[in-house]
Amino acid sequence: MRHEVRFSGFGGQGIILSAVILGRAAALYDDKHVVQTQVYGPEARGGASMSAVIIDDEPILYPKVRDPDTYVIMSQQGFEKYGSNPRKDAVMLLDSDLVHDRPSCPWVGIAATGVAKKELGREIVANIIMLGALSSATPVISGKALEKAILDSVPKGTEELNLKAMKRGQELGSAGGSS
Amino acid sequence: MRHEVRFSGFGGQGIILSAVILGRAAALYDDKHVVQTQVYGPEARGGASMSAVIIDDEPILYPKVRDPDTYVIMSQQGFEKYGSNPRKDAVMLLDSDLVHDRPSCPWVGIAATGVAKKELGREIVANIIMLGALSSATPVISGKALEKAILDSVPKGTEELNLKAMKRGQELGSAGGSS
Amino acid sequence: MQGNIASAEGALAAGCTFFGGYPITPSTEVAEHMAARMPKIKGSCFIQMEDEIASMAAIIGAAWTGARSMTATSGPGFSLMMENIGYAVMTETPCVLVNIQRGGPSTGQPTMGAQGDMMQVRFGSHGDYSIIALCPSSVQECFDLTAKAFNLADRFRTPVFLMADEVIGHMREKLEIPDSVEIVRPKTLPEGMLPFTPGPDGVPGFAPFGTGRYTHVTGLTHDERGYPDTTNPARHDALVRRLVSKIEDARHEIADYTIVNEDAEYVFVCYGAPVRTVKEVVDKRKVPKTGYLQLRIVWPFPEELLKRFPKCRAFIVPEMNLGMIVREVGRHVKIPVIPVSRIGGELHTPEDLIEAVKIAESTT
Amino acid sequence: MQGNIASAEGALAAGCTFFGGYPITPSTEVAEHMAARMPKIKGSCFIQMEDEIASMAAIIGAAWTGARSMTATSGPGFSLMMENIGYAVMTETPCVLVNIQRGGPSTGQPTMGAQGDMMQVRFGSHGDYSIIALCPSSVQECFDLTAKAFNLADRFRTPVFLMADEVIGHMREKLEIPDSVEIVRPKTLPEGMLPFTPGPDGVPGFAPFGTGRYTHVTGLTHDERGYPDTTNPARHDALVRRLVSKIEDARHEIADYTIVNEDAEYVFVCYGAPVRTVKEVVDKRKVPKTGYLQLRIVWPFPEELLKRFPKCRAFIVPEMNLGMIVREVGRHVKIPVIPVSRIGGELHTPEDLIEAVKIAESTT
Amino acid sequence: MRDEWFRADRLPHIYCAGCGNGTIVNCVLEAVSMTGWDRKNTVFLSGIGCSSRAPGYILTDSLHTTHGRAIAFATGVKMADPSLHVVVFTGDGDLAAIGGNHFIHACRRNIDLTVVCMNNHIYGMTGGQGSPTTPLGKTSTTTPYGASETPFDLVDLAVAAGANYVARWTSFHVKQLTEAVLNGLNTPGFSLIEVRCQCPTSYGRRNKYREPVDYITHLKAHAILKDKWESMEKSGQDMPADSFPVGEFVRRARPVMGVPDEA
Amino acid sequence: MRDEWFRADRLPHIYCAGCGNGTIVNCVLEAVSMTGWDRKNTVFLSGIGCSSRAPGYILTDSLHTTHGRAIAFATGVKMADPSLHVVVFTGDGDLAAIGGNHFIHACRRNIDLTVVCMNNHIYGMTGGQGSPTTPLGKTSTTTPYGASETPFDLVDLAVAAGANYVARWTSFHVKQLTEAVLNGLNTPGFSLIEVRCQCPTSYGRRNKYREPVDYITHLKAHAILKDKWESMEKSGQDMPADSFPVGEFVRRARPVMGVPDEA
Amino acid sequence: MKLEIDESRCKGCNLCTMVCPYKIYRPGSRPNRKGIYIPELDRPERCPNCRLQELYGRRLCGVCALICPDQAIRWVPEKPYEPMKVVIEY
Amino acid sequence: MKLEIDESRCKGCNLCTMVCPYKIYRPGSRPNRKGIYIPELDRPERCPNCRLQELYGRRLCGVCALICPDQAIRWVPEKPYEPMKVVIEY
Ligand SMILES: Cc1ncc(C[n+]2csc(CCOP(=O)(O)OP(=O)(O)O)c2C)c(N)n1
Ligand SMILES: Cc1ncc(C[n+]2csc(CCOP(=O)(O)OP(=O)(O)O)c2C)c(N)n1
Ligand code: SF4
Ligand code: SF4
Ligand code: SF4
Ligand code: SF4
Ligand code: SF4
Ligand code: SF4
Ligand SMILES: [Mg+2]
Ligand SMILES: [Mg+2]
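Here the structure is a predicted model, which is why all the values come from computation and not from measurement.

Novice: What exactly am I supposed to notice about the overall build of chain G here?
Specialist: Scanning chain G from terminus to terminus reveals 3 helices and 4 strands. In chain G, the succession of helices and strands from N to C terminus is β-α-β-β-α-α-β. Scored against the burial criterion, the 90 residues of chain G give a buried share of 51%. For chain G, the accessible surface area stands at approximately 5000 Å², while carbon and sulfur atoms represent 56% of it.

Novice: What is the right way to read the interface of chain C and chain D from this model?
Specialist: Accessible area lost on assembly of the parts is the figure often given for the size of an interface. Counting from both sides, the interface comprises 57 residues of chain C and, opposite them, 57 residues of chain D. A combined buried area of about 5000 Å² lies between chain C and chain D, and 59% of that area is made up of carbon and sulfur atoms. Linking chain C with chain D are 2 salt bridges. The closest approach of N and O atoms between Glu328(D) and Arg327(C), which form a salt bridge, is 2.7 Å. On inspection of chain C and its partner chain D, the count reaches 27 residue pairs in polar contact (both at pLDDT 80 or more). Within the residue set of the side of chain C that touches chain D, elements represented by two or more residues are helix H4 (75–91), strand E5 (109–113), helix H5 (120–123), helix H8 (233–248) and helix H11 (325–332) of chain C. When residues in the side of chain C that touches chain D are grouped by element, the largest group, 10 residues, is from H4(C). By residue class, the composition of the side of chain C that touches chain D is 21 nonpolar, 25 polar and 11 charged.

Novice: I tried to follow the site of ligand 3 on my own but got confused; where do I start?
Specialist: As a matter of local geometry, ligand 3 sits amid 12 residues, with Cys16(E), Cys19(E), Cys50(E), Asn120(E) and Cys199(E) nearest to it. Near ligand 3, residues from chains A and E are present, making the site a shared one. Among the residues forming the shell around ligand 3, the class breakdown is 6 nonpolar, 5 polar and 1 charged.

Novice: Got a minute to help me understand the environment of Asp223(C) in this structure?
Specialist: Residue and element names in this part refer to chain C. In this fold, Asp-223 is placed in the loop between strand E8 (216–218) and H8. Given the relative accessible area of 8%, Asp-223 is considered buried. When residues no more than four places from it in sequence are discounted, the contact partners of Asp-223 are Phe-196 and Arg-235. There is a polar contact of 2.8 Å between the side chain of Asp-223 and the side chain of Arg-225.

Novice: So what exactly am I meant to see when it comes to the coordination of the magnesium ion (ligand 9) here?
Specialist: Angles between donor atoms at a metal ideally measure 109.5 degrees for a four-coordinate tetrahedral arrangement and either 90 or 180 degrees for a six-coordinate octahedral one. Residues and elements named next belong to chain E. Asp-92 (OD), Asn-120 (OD1) and Ile-122 (O) make up the full set of protein donors to the magnesium ion (ligand 9), lying at 2.0 to 2.1 Å. Ordering the donors of the magnesium ion (ligand 9) by residue number gives the pattern D-x27-N-x1-I. The residues Asn-120 and Ile-122 share a single accessibility class, namely buried.

Criteria and thresholds
- Residues numbered from 1 in each chain as written.
- Chains lettered and ligands numbered in written order.
- Predicted model: local features only at pLDDT ≥ 70, side-chain atom pairs only at ≥ 80, totals over all residues.
- Heavy atoms only, no water.
- Helix = DSSP H or I, 4+ residues; strand = E, 2+ residues; numbered from the N terminus.
- Buried < 20%, exposed > 50% of the residue type's maximum accessible area, 1.4 Å probe, protein only.
- Areas by Shrake-Rupley, 256 points an atom, 1.4 Å probe, with all protein chains shown as cover.
- Contact = heavy atoms within 4.5 Å.
- Buried area = accessible area lost by both parts, 1.4 Å probe.
- Salt bridge = Lys/Arg side-chain N within 4 Å of Asp/Glu carboxyl O.
- Polar contact = N/O pair within 3.5 Å; in protein donor to acceptor, adjacent residues only side chain to side chain.
- Nonpolar A, V, L, I, M, F, W, Y, C, P; charged D, E, K, R; others polar.
- Near = heavy atom within 4 Å.
- Donors = N, O, S within 2.8 Å, 3.2 Å for Na, K, Ca; no water.

What follows is the structure, given as C-alpha cells:
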C-alpha cells in the first residue's frame, strides 16, 4: 500500500515535526519505505507551511507528493493553499477550530487546538492530537508505531503530555465528526 | 625600418620610464608605430627589471620583443638576465660603472651613473644619460624627438637637469668607448 | 533522517574533526548538527566563523594541521568562497565543501532546490584548475558520498565538493549507517622529498604542520620547495598543468556511476535530485527504450561513459538549471543531446521526462 | 598610452562619474588614473573601498542613483566580486567591470598576463545567468570597448565586463581619442509601468533613485513590482529565463568582431592579446589558407559567426589559458577544433600558431 | 505622518507575532517623518535577514542587497548622489558578523549614513544560529550548549572606528529610540543606532523568553541609562548580570564624507 | 638564537633597501627565540603584501595565504591544533582594509594568536596606494591630492573588539618592540602589536621621506610614550602634529579560545 | 478620534497590553478566524490621544502604536464627534 | 668576536649608521659590484658586543643587528682572540 500524506498549517504549529514523526513511525516501527519533504520559506512564517510524507511498501523514487490521499490541515490559509483541491477519495483531517471551510472529499474535524489548550493546557500539542486522530481515523499509521515515534521525538519531560495528546486525538479520530 | 630595443637594470633606475620616453619620442615626434612592454614583478625590486620598445614604420602586430637589435643595460644582474645572449649584429649600450661583463656584440660603455652622481649631482638621471647616448650612438631615435619626449615626461622643475643629462649622454654616446 | 544531517554524519564517520561554517539556508542543518555533535567528540572543533570567506580559510588552515576539515554552504556563500577555493587548489589542500544548492542567481530562492552551481564549482574561481564534485540523489548517498569526499580530497590533495541540492538536503529517508567507513589518508611526504614534488600520479606527499618539515605554503606560483617563483612561465605552466592533470587524468579512477540499460536508445544522463525521477521513469515505469547514466561524480566529467550506450540515439539531460552539464555532454558526442531544464524549485515530474523521450523519438 | 589608462579614459569619455575600486596588480593603473582625473571633474566620485566586495557593492549602489559606474580588478578581486555580480544581474543594474587578467589560479602570477577568467566571468556566480564580456587586443580597443561597455550595460541593464589581460593592459601604444563617443543611456521607465516589467526586448525601463518611482530592488526572486516572491516556481522560471534571454537572444545585435578571409581552411578564433599574433600570422606573414575571426565580444558567444567560414576544415583557438572558449567553439561545430594553450605569461609566438596550422593540415 | 511612509499594500509584513523589528520600523519612520525629508530623496537600504526585510515595507526607493554588504552599497549611493538621504536597516548578524568590515570602514570614513541595527542577538531569518552578539551562555542552534564566544559591544566598536553619532536603546524605549534616530538623521557623518530587541521565535523560544512580552520586559529591566552606568562603574559597583547601558554615547563632528557641498 | 629561525637560503629577501619590514622580522624572531618554543610547533601565517612575505623567510611551517585572510586561516590552524604556536604577519592594508572583519572577530573571540602589523601607511606591494592608515593629507597613487579619509587607530579598534594584549611601537624601537612581541606571545588570547614603519619606496618617495633614515627619524620624533601622551591629553595640551602614542595599551585576561586544555 | 486595532494586521503579540499607561488593552479571549487572539479594548476613549489629539493638533502618547510591531493600531476620525464619551482624568 | 657586514645581503640603507651609539658605521663611499654603498666600519672593536659578548655569555646592545632590515650584520668568532684591540671606554 502507498500513502501520500500532506500536512499544512501555520508556522509554529509543528507542521514539519508532525511529518517527521509520522515518517519515523512508518519507517522504523511499521517497517515501510518513507520519504518526507516540505515546503518552507520566510513567507511560510506568516502564511501557510506544508510538509508531506510518502509511505510505501516499495522503495520510493520520485519523492514529491503530488496528489495526496490523506490530508492533515491545521489552518484556514493552509486549507486554501494546500487543501482546497483534494481528489475525491482522499481523506482530510482538519482542525475544526481553525479551518473554516470544508473540502469536497471526506473529512474529519478535530478540535485539536481547542482541546490542546483547554484540556491539556498546552496549545503546542495540537499537532500531536492530529497525529493521534490520523492513526485512528485512517490506515496510514498504526497506533503502536506512532506512540514509539512520538516518544523518540519529543523533548524529555514532555512524554506524558504528548502521549495524552495522542490518546485524545485517537479518541477524537474514532469518534468521527466527518461529513 | 624596425627597431627592437630592450632596457634592463634594477628597480629605481627608471628602466620603464626610459622605455616610455623612447616610445613617446618615436611615436609622437618621429611619427613611427610604437609598442612598449615590460616585465615586472615583486622580484624585480631586488633583481632585474626589463622593458622593451618596438619602433616600426608599419603597424606592429605581435608586440613582444624577442630578439632586440639594441640594448640599454644598466646593471650587472640585468646584463646576466636580459643581455647575455644578444644577436651578433645588435648594439648594446651599457652603464660601465655597474655592468662588469661585456657582450659578444658591439657595445658602448657609458659611465652614466657615475656622471649623473658626480657631474650632475643626481644619480636618478642616469637613465636619461643613457637615452641621450642612445640617440647619438644608434639610429633608433632622433635627438630632437628625444628632447621633446623628455620634456613631456619629467617632473616640472627638473627639465633643465634632464636636458643636461641628455646632452651629456649624447656626448658620451658619440665618443664611443665601444669594443 | 534528513539529507543534510546524513551528510554531517558521513563526515563524522569519515573522521572529520574540524568544521568551520556560516549559516545559510538550505545548508544550515549541516552546521547545526555539527554544532551539536562535535563538542562531544574529543579533539574536534566546531566553529561558526564570521562569514564564508573566513569559513573556507579556517578549514584550509585546519587541514594543514592534518585535520579532516569541512564546511557547508549554499549559493551566496559559495560565491564568497571562490577566492579561497582557488587557494586550496593551488596549495593542494585536502578539504571538503558541501554546497546545498538553492535557486539563483543572487539571493534568488533561498528555500527552493536547484542545481545552478554546477558550472560555478568547476569554473568559479579565477584561472585554470580542476576539482572533484559529487552529487547525491538520496539521503544514503549524502552519507556515503560525503565520507567518500574526504578520501578523494586526501588522495588527490584537492578540495572536493558535495554538490547536493535542497530537495535531497531537506528530504528525510531511512539511512543505514555502516559500522565503519573506509578511510584513506594522504600519502605522507617521504623523507628527503620536497613538499611539492609530485609522485608519479602527480600528487605530492603531505607533511602537515607540526611534523618538522618546515613547509612554506603559498598561493603564488611556487617551486617544489613551495617558494614563490612568479615570473617564470615554464614554472607556472608545469604547476598548473599538473594540478589539472592529476585530477583529469584520473577520471577513470575517480568515476562513480550507475548505468542502467546499455542497450537503451534514449539515455538519460543525470545526477542529484533528477535521478529520482529518471529512476521512476526507467526503473519503475519501465518506459521502453530508455536507460540512464547516473553520475555520482560529475567533475571530472567521465566522458568515456557516454560511449557505453552503443545504440543511443539521443541523450536526455534533465537538470534543475538552464542546462549546464548538458553542455559537457554535448561537447563529447555527435548525436542529439536534449536538455530538460527545470528551475524555480520544482523537480521534474515523470511526465516531463516521458515527454522528453517522445520529443527525442520524434526528432531522431 | 597604456592599455589600462586608455580604459580609464574610455570610461571618462563615456561619462563614467563613479569609480569604486581596490588596488590589485595588474589593474591598479585604472584606479590610479581615475584617482588623478575624477576629483577634477565636477559631480564625479573616485573612492577606494575596503575590498573588492565593497567595490562591487558601491558601484551597484551608485548605478541606482543613475550614475555610470565602474570598477577594475584582477583575478583574486574578481573572485570576491562574484556574489555581488550575481546581485547586479538579478537586479538588472547597469555597471561596468574591468578585469585585467593575470596568471591564476589563486595569487598565482600577479604580474603576468593570462585569459584564465573567461569561464569565470560567464559562470562564476551561483545560479543561471548571462553576461556580456568584451576583450580588447590593443590600447585603442581598451578605450573604445570600455566606452562601448557602458552603452551595452545601459542598453541591456546588466553588468558588462571588459576582460582585458596584463599584456594589453600594460602595453603602450598610440591612442586616438575621438572628440566624443556615442552615449546610449537606458530607456527610462514609462509612466505607469512597473519597475521590472520588461519591454518587448526583455529589458525593463530604468527609474533611478530620486526620480519618485519608489522602486524596491532586491536580489530575491521578485515580481514586476520588485517585491520578493521566492516560493513560486513559475515566477522564478520566468524571471531567470528573461534575464538570460534578453542577452542571449540579442547575440546578433551585440556581436562585435572582425572576419578576415572567409575562404580560409584554417580559421583562428581569437580574442584579446592572442589576436596580435594571429594578425601577425594571417595579415602580415600571410600564411596560406588561414583566416580569422576576432571576437571583441566573447559572451554572449556569437556561434553563428562560425558558419561564415564555409571552407573551414579546422578551427584553431589560441588562448592564454588551458582551453576555455575552445570549449564553446567545440560545442557548435562538427569539424576539428584545435586549442593552442599558453599559460605562464607568454603570448603565443607566430611560430606557435604556424605550427598549429601545420598540425591542423596534417590531421584534417 | 509616519503612515505615509509605509507601503500599505505589503502589510502585514512577514515578521512573526511580537517581533521587535516591526516596532523599530515604526520608530525610524516616525523619526524620518519628523525631518521633513521628501520621500523622493530618501533611500533605505538593507542586507539580508529578518531585519533587512524592513525597506520592502517602506514607500521610497530602496535596495535590499546581499548579506552584510548594505553599508557598502549605501556608500555607493551616498557618494554618487550626496543629495539623497540614506538610511540602512541591518541586523546583528548582517552588521557585525559578515558585514563587520564595511561597518567599521563606514564609521572611519564617516559616510553620512544613518544605520539602525536591530540587534536580536541571533540569526533570526535562518532559524536561530548564534551571532557575534549572542550573550555568553545563551542557547542557539549553533551553540546548543551555550555560547562560549564573547560578544561584541557594537557601540564600542563604532566609537573606536570613528562614527560621529552612536546611541543604543531597546525596542521597549520607543520614544527615546525615535529621538535617537532623529538625532542620527540630523548628525552629519556616520550614525549608528543599536536597538536591542526581541526575536521570540528564534531567540526567545530557546532562552526562556517565549512570549514577546517576556523578552521586552527583560530588556526594560536590564537597560541602564548611560550616566547611571558610568557612575556605577566609577564607584566600582558590580553591574547586574545581563545589564547594559543605553543612551547616547557619542555625538561629535569629525570630518565627514558624502555630505552635499553646500551643506 | 634568532639566526636559526631564518631560512638563510632565501636571503637576501625581496624587500627594498631600508624597508622597515626586515627590522620587524628581526624583532619578532628575536622574541620568538626567547620563548624557547620549538620551531616544529611554531607556525607563521600572513596574507598578501610586502609585509606578508615575511613567513617565507622563516624556517618553520608557514602559510602565505590570500589578501586579508591570514587571521581567518590562523583561526583554523589554532583551533584545529591548539598545541601549535601561531604568529601572523600582516600589513596595514591586509589587516585593516580587506582583512578588517577577521581582525575584529579574532579580537572578540580572543583566539590565542599573536598578530604583528607592519603599518607603513600604504599598500607597498602594489606600488603605493592609500590605505586605511594613510594619514590625512598624505600623498599616494590613489590620493594624489592628499588623503581625505580619516585613518583608523588600530590600537583603539583592537581594544574595542576585545583583544587581550595590544601594543604599538615603531621600527626604530627595536628593543621595546621585541619585548612587546614577547609579551604578546606570552599572553593567552589575541595579541596585536602594531609597528609603524618606513616604506621608502612607496610611501617615503611621495611624502618627502625618500631615504630610509628620513622616515625612521620622523617616527622616532613623533612617537610619544603612552603615559606621557595621556598626561598631555589630561592637561588639555594640543598634541604635536603627526604624533602618536606608543607603548602597551591593554594587557588583560578575558576568556580566550584556542589555548590547549592543560594550559 | 477613535482607537482601532486593524484585525487584518494584528498578530496578537500583546505588546500593547504591556505599555499602555491606562491599561486600555487586555489580552484577547477568543481567537479570530485566523486563530489570533486580538486584544480587547477597555474603554478606549480614556486614551488621551483619542480625546486630545485634535485639540492639540498632534499625537499624544502614541506609545501603543509606536510599539505595535504590526502597524495595527491607529486612530480614525469619528463623525459625529462624541463629546459625551470624554472623561477628563486628573 | 668580530663585527661583520655580509656584503651579499646589505642593501646600503644606512640604518645602522643611524642607531649605533658608538658611531661605528659610516655611510659607504664606493659602490660595490652591485652598485651598493656598503657602510664602512670605524674601529668596530669598540662595540661592546665584540668585546664583551663572550664574557657575559649573551648579546650586548645588538641594536644595529636588530634594526638591519637585511640581516647583514653579525658577529663572527675571532681566532686567535685579539686582546690588544680592546680599549675600554668609560
Ligand atoms: C552570503 C550569505 N551568507 C549567509 C546567508 C544566510 N543568511 C540570511 S539572513 C542571515 C542572518 C541574519 O541575521 P541578522 O542579520 O541578525 O538578521 P535577523 O534575521 O536576526 O534580523 C544569514 C546568515 C546569506 N543570505 N548570504
Ligand atoms: C583579493 C585581493 N585584492 C587585492 C590584492 C592586491 N594586493 C596585494 S598586496 C596589497 C596591499 C598590501 O598592503 P599592505 O597589507 O599594507 O602590505 P605592504 O605591501 O604595505 O606591506 C594589495 C591590495 C590581492 N592580492 N588580492
Ligand atoms: S524569526 Fe525572530 S527576528 Fe525573524 S521575524 Fe521572527 S521574531 Fe522577528
Ligand atoms: S615597497 Fe615599501 S614595504 Fe614593500 S618592500 Fe619596498 S619599502 Fe618595503
Ligand atoms: S496612546 Fe497611550 S494612552 Fe492611548 S491607548 Fe496608546 S498607550 Fe494607551
Ligand atoms: S501590539 Fe499590535 S499586533 Fe500586538 S497585540 Fe497589540 S495590536 Fe495586536
Ligand atoms: S651592537 Fe650596538 S654598539 Fe655594537 S655596533 Fe651594533 S649598535 Fe653599535
Ligand atoms: S642596516 Fe644593514 S642593510 Fe642597512 S646599510 Fe647597515 S648593514 Fe647594510
Ligand atoms: Mg539578528
Ligand atoms: Mg602597508
